[in-house]
Amino acid sequence: MENRARNTFVLLTIVFAFALQCISAGDSTAPPAPPASVNPASDSPASVNPAQVNPTHVDLPVDHTEHVVKTAPHVSNNDSSTQLINIEVYYEALCKDSVNFVSKELLPVYNKLNKFINVTLIPFAQGNITIDTNKTVNVTCRRDGECNADKVHACGINKIKESEKLIKFVNCSLTEGFNSPNKTIPIEVCGKNSSIDNNTISEITECANNTDTWSPLLQNYKNMSSSANVTTVPKILVNKVAEDFTSINLMKVVCKKINDKDLPEECKTIVSGSDNLVVGVLPIIIGAFYIIKMI
């Protein structure tokens, strides 16, 4: 009986120590690297930062470059005291997976956590653009009608300055364009649904129909996508780290990168340590089962 009690005590000690190690291992995860660049906005309009242009694939005429400065704005609604989490979304306008990611992951996260994130939207991620000897611009895309849809997205991102309206417009354009029988984006419908004024809607329409306006935008997106080694869409980078869009829980990913002192209510149940608790308690339950059998 004394040997059995001793063995039971030793086994309980081992199981308890293992459980503690499981919990502490989960808690000791290294903190995420800070964003490469933080550009906090002082109010709700998106902060628009010029995208880095590196036209390695096509040499556009010099007078086109003036249109490049607003091709990839960061969408944020941040105060100066909060460190931003950078989210880059490389997507295609008529890709079902892109539609689902934006509507089911990105939009809900933006609605709840917009003060903590910077979103960069990059359409035309799998397209190609060239200019022939006659200075004719040629674009090719994976799906029928997708190049025209990409033009609308590029122009919308270029023209819409308010972050909330931009996210809504992109989401509407993806959903409506994908579900449209002729794969055409109803610019006016999505503009109205996103509370965009008539002048901006007209500017988006004119941009999408003007080669001199949309071609440098698509060229820049092509260069950005090549630099990011995009092979499938959507490609999601969170603080420059690629996430698997097929299994990502963007809310959870973002919440775990927010400092504890700034953690909003929406995140507290997600990062409360419940995962670690399950991992730690499970060995105790298994150990107790075997101890009962021994006794």
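> Explain unusual backbone geometry to me, using residue names and the numbers behind them.
Cis geometry marks the peptide bond from Val 233 to Pro 234; its omega dihedral reads -5 degrees. With respect to the helices, strands and loops of the structure, Pro 234 is situated in the loop between helix H7 (211-227) and strand S6 (235-238). Unlike most non-glycine residues, Asn 239 shows phi in positive territory, near 50 degrees. Mapped onto the fold, Asn 239 is located in the loop between S6 and strand S7 (241-243).

> Now, about the nonpolar core: what can you tell me, with residues and values included?
Leu 106, Ile 117, Leu 121, Leu 250 and Val 254 are the most contacted members of the largest nonpolar core, which totals 66 residues. Of the residues forming this core, the biggest block, 8 residues, is contributed by helix H2 (residues 96-113). Not counting chain neighbours up to four residues away, the residues in contact with Leu 106 comprise Val 89, Phe 101, Val 119, Leu 121, Ile 167 and Leu 250.

> Tell me about the side chain of Asn 171, and name the residues and values.
Relative to the elements of secondary structure, Asn 171 occurs in helix H4 (residues 163-179). In contact with Asn 171, other than residues within four places in its own chain, are Val 102, Ser 103 and Leu 107.

> Go over the pairing of S6 with me, naming the residues and quoting the values.
Of the two faces of S6, the one holding Lys 235 and Leu 237 and the one holding Ile 236 and Val 238 are both buried throughout. Bridge count for strand S2 (residues 85-90) against S6 is 4 bridges, and the pairing is antiparallel. For Ile 87, the partnering residue across the bridge sits in S6 and is Val 238. Where S6 lies against S7, 3 bridges are found, and the strand directions are antiparallel. Within S7, the residue paired with Ile 236 across the bridge is Glu 243. The antiparallel pairing of S6 with S7 creates a hairpin that spans 2 residues between the two strands, and Asn 239 there sits at a positive phi of about 50 degrees.

> Hey, could you go over the state of the cysteines for me, with residue numbers and the actual values?
In the structure shown here, the tally under the stated rule is 4 disulfides. Residue Cys 141 pairs covalently with Cys 147 via a disulfide, S to S 2.1 Å. On the S-S bond that ties Cys 141 to Cys 147, the torsion sits near 110 degrees, and the link is right-handed. Note on cysteine connectivity: Cys 255 is disulfide-linked to Cys 267, with sulfurs 2.0 Å apart. Between Cys 255 and Cys 267 the sulfur-sulfur dihedral comes to about -70 degrees; the bridge is accordingly left-handed. Residue Cys 255 is located in helix H8 (residues 250-255), and its partner Cys 267 is located in helix H9 (residues 265-268); the two are separated by 12 residues in the primary sequence. Shown here for the protein is a disulfide pattern of 1-2, 3-6, 4-5, 7-8, where each number marks a bonded cysteine counted in sequence order.

Analysis parameters
Residues numbered from 1 in each chain as written. Predicted model: local features only at pLDDT ≥ 70, side-chain atom pairs only at ≥ 80, totals over all residues. Heavy atoms only, no water. Helix = DSSP H or I, 4+ residues; strand = E, 2+ residues; numbered from the N terminus. Core = buried A, V, L, I, M, F, W, Y, C linked by side-chain atoms within 4.5 Å. Buried < 20%, exposed > 50% of the residue type's maximum accessible area, 1.4 Å probe, protein only. Contact = heavy atoms within 4.5 Å. Pairing = 2+ DSSP bridges. Disulfide = S-S within 2.5 Å.

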